[in-house]
Amino acid sequence: MEVRHLLSALWRSRTGPCLIAVQIAITLAVLVNVTYLIALRVDTYSQPTGMDIDNVFWIHSQSFTSDYDQKNAVASDLQWLNSLPGVTAAAAATSPPQSHWGFNMPFSASPDPNAPKENARIFAMTARGLDALGAKLTAGRAYSAESVGSPAADIGAAVAQWAPEVVITQALAERLFPKGNALGKTLYMGLVNKSAKIVGIIGTLQAVPIYGPFARFSNQVVVAPMMPPGPTTIYLVRTKPGRQSEVMARVEQEFADRVPGRYIARTEPLARTSSDARNGMRASSIILGAVTLLVLCVSAIGICGLAVFNVTTRTRQIGTRRAIGAQRWHILRYFLVENWLVTTGGVVVGCILALTAGVIISHTTQAPRLPLYYLVGGVLLVWTLGLLSVLVPARRAAEISPAVATRTV
Amino acid sequence: MMLKHDLLLALLSFKRNPVLTVLMVSAIAAGIGSAMVTITLYHARAGHPIWWKEDRLFAVALDNRGSDHTNENLMRHPEYPPDQLTFRDAEALYRSDIPEHSVMMYRSGRVVDPGRGGLRPFGALVRVTTADFFPMFDVPLLYGAGWDRPADTSPEPVIVIGKHLNDKLFNGANSVGRTVNLNGREFRVIGVVNDWMPRPKFYDLTSGGAFDISEDIYMPFGWATALKMESYGSINCVTPNAKIGAFEDIINTDCDMVQFWVEIPSAARLRQYRQFVDNYTTDQRQHGRFVRPTNNRVVDVPTWLEMHDVIGDDSRIEVVLALVFLAVCILNTLGLMLAKFLGAAPITGLRRALGASRKQIIRQHLIEVMVVGMTGGLVGLALAWMGLWAIRVMTYIPGPDDSPDKRALAEALSHMDHRMIVFAVGISLVTGVLAGIYPAWRIGKAAPARFLKAQ
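Residues numbered from 1 in each chain as written. Chains lettered and ligands numbered in written order. Predicted model: local features only at pLDDT ≥ 70, side-chain atom pairs only at ≥ 80, totals over all residues.

**A look at the packing of helix α13 (residues 358-395) of chain B against helix α15 (residues 418-445) of chain B**
Residue and element names in this part refer to chain B.
And step 1. Relative to each other, α13 and α15 sit at 145 degrees, their axes nearing to 7 Å. For the crossing formed where α13 meets α15, the hand is right-handed.
And step 2. Here the residues of the contact of α13 with α15 sort into 18 nonpolar, 10 polar and one charged. (Axes fitted to C-alpha atoms, helices over the stretch in contact; angles between N-to-C directions. Helix = DSSP H or I, 4+ residues; strand = E, 2+ residues; numbered from the N terminus. Left-handed = near helix turned anticlockwise from the far one by under 90°. Nonpolar A, V, L, I, M, F, W, Y, C, P; charged D, E, K, R; others polar.)

This is how it looks when you write it as structure tokens:
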């Protein structure tokens, strides 16, 4: 084929093709790196929360009188909530799941104060708490109702009181007991000088949102039996599928006035809490995705525009070629190959650019390095995009009649 | 006169290639639109909330962590000391008279009982703070004033309330002298803060993140211990001998929960103060505290915001991406423009032959590009406005009893102010010049004969 002629023709009017090649290089670098960044985000925020997210809602009750009887109030509230038709289980906790309220503390596998410690989130609830969240045990059992105890003076005192048994997440179990035998072992909490037996393991429980300063605690959780000391009490209510709004409506009508001396600060479905916590991440993914799509569109427009221009200015030459015997597909092939050469030039530069950008991004954001198959996929996509954008102008060129050559002379 | 002629020629040229022109305008609009969206978001996060005195205000951080380095490898900056102080360190530093003003504070909460029909009791965020808070941070007061230092130590039952709470409780009237019932105790209003929501909320980045609404109530610091007010922010117990327990345990051991700020007017006094802080921690070492090498920070507002990476990677990546995209759009327009000019070269050749100078040709083409650039810029501004609106809808879903401040905050974080609009016009001019100068020069340079020959 006439690649040599083609190259020399390209070289004679090089500005346009060079611009296109640079655009393609940048497009490839953007496409590959941003797709990877988005994939990382989507991967993070679509991780399961470990809870029955669509069927749980929570009620934030805040007491404000000095004679408020926390113990009886919680007992009576829970009895009422558990008796409502449509409710699977209800429990009281010190903070809502998927929120930043609460405690992170260091735990270790040994009473030795110098033993390695692992920070974990404490998620404290009354009996049936795991049920109320829909968290699934992978080993062992839930903590017993007896381990819950009675309300302490404040949250600090409640943590200091510490229960004799706890349930922990798989992720924490693996870090503290790398040999994988956490069940039945003792968990030490140096700060309050207490220990507890690990009676159960749950797969995952995102007590903290997966995004933000405490993201790493989202899967390192100690579920501790605890009676919330007040003034803040969070009631977790899990309903049968499809009955949440009905139960919430009833709660909103009747719950506040059941016990005097407190107010209901908020009643919210867990799905909303969790979605709010992911908003920033989702918005950022959408912005990045939208801009990348625009980059692709604009590049395609550029390739197409240049091809249209080339076809218009070369109409006479094309006519001449057709007149001296070139077939339609020769013309088509000429434009496709020309475009492919330009695209490939851009792709080569783009690969270098993409890898450099990848290194810089992973260095500054501490994200894992760009996997090479993203680059391979990007190259294939850019090639396809290039061919598709030139196809319409090239076919128009092929339609040019040989007579054109004679007409304008 | 010439300009009018050039504009007319530009319009004629657009009419000749309407598709190409629309393509160029939309490329520039998309580029400028996305750049404006991301730069607006970045600009809102990179604010200087107290620019007029940001180099006089200093946050104080002491490294009171124990020797255990567990989990520090996961922190982005393990070398930074914790960003809050313990109660006792804050109270010790507060006694120094080197700074002009000192403030110690944290976020807590109370229940407001309006005590009249219609309004149920509701929760309010409380900033427990010291007297200097108001003069030091230039808090704008609608009515009344803050309190004096003596009111902190043996706490007086006085509060300063926010505008929103004043609207809710007193219908916006001057409420100085009226009382508010907080958890069953009466507090007298002595001041009302006007709209005040520094972004970022530089003076407390820990309680609700860097962008959060201001508290509803400000209360003398002495009430913290008198009423055992629990922290609604973060408590970080940093040594193995910290004792978690009742309120007294937390405030008497190495649990960091108090934000500490000072105002120091001169470099000499700043040096003196830094020395004082280091001496204090060295002194404490005799009591078995501050086991790590001295690592205290007394840093101004910009440094503090940078240490906490208030802007964040997301914003930065978005801006870089949008600028790269804008570059692609410029290249694209450059290519299309070149194609268009060369396509119309016979006409240009004719004009040259009829006596138009090279300068006139270049100018005429540049003006044509500028018109494309400005039109793209205007469309881009409209696109940016829609994009920001979409982002606001995506990131802020109003809850049933959200404070109006929350909406205001969401709006402020995606608001395109007049400066940004001027900036957008600037970018579109630069875009036009960048995309047009080479094609215009190229077409102006060409010898007229070459194009005329082809006719």
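**Observations concerning unusual backbone geometry**
And step 1. Of note, the bond from Arg-199 of chain B into Pro-200 of chain B is cis; its omega dihedral lies within 30 degrees of zero at -10 degrees.
And step 2. Locating Pro-200 of chain B in the fold gives a position in the loop between β7 (185-193) and β8 (217-220).

**Here we look at the pairing of β8 of chain B**
Residues and elements named next belong to chain B.
And step 1. Examined bridge by bridge, strand β3 (residues 122-129) and β8 share four bridges and lie parallel to one another. Note on β8: the bridge partner recorded for Thr-129 is Pro-220.
And step 2. Where strand β5 (residues 158-162) lies against β8, two bridges are found, and the strand directions are antiparallel. From the neighbouring strand, Val-160 faces β8, where its bridge partner is Tyr-218. (Pairing = 2+ DSSP bridges.)

**Section: the domain arrangement of chain B**
Residues and elements named next belong to chain B.
And step 1. Taken domain by domain, chain B consists of domain 1 (2-46 + 312-453) and domain 2 (52-307).
And step 2. The C-alpha-based centres of domain 1 and domain 2 are spaced at 47 Å.
And step 3. Contacts between the two partners involve nine residues from domain 1 and, on the opposite side, six residues from domain 2.
And step 4. Tallying contributions element by element places helix α14 (residues 404-413) first for the side of domain 1 that touches domain 2, with seven residues.
And step 5. Its residues assigned to classes, the side of domain 1 that touches domain 2 shows six nonpolar, one polar and two charged. (Domains from an automatic or database assignment. Contact = placed C-beta atoms within 7 Å.)

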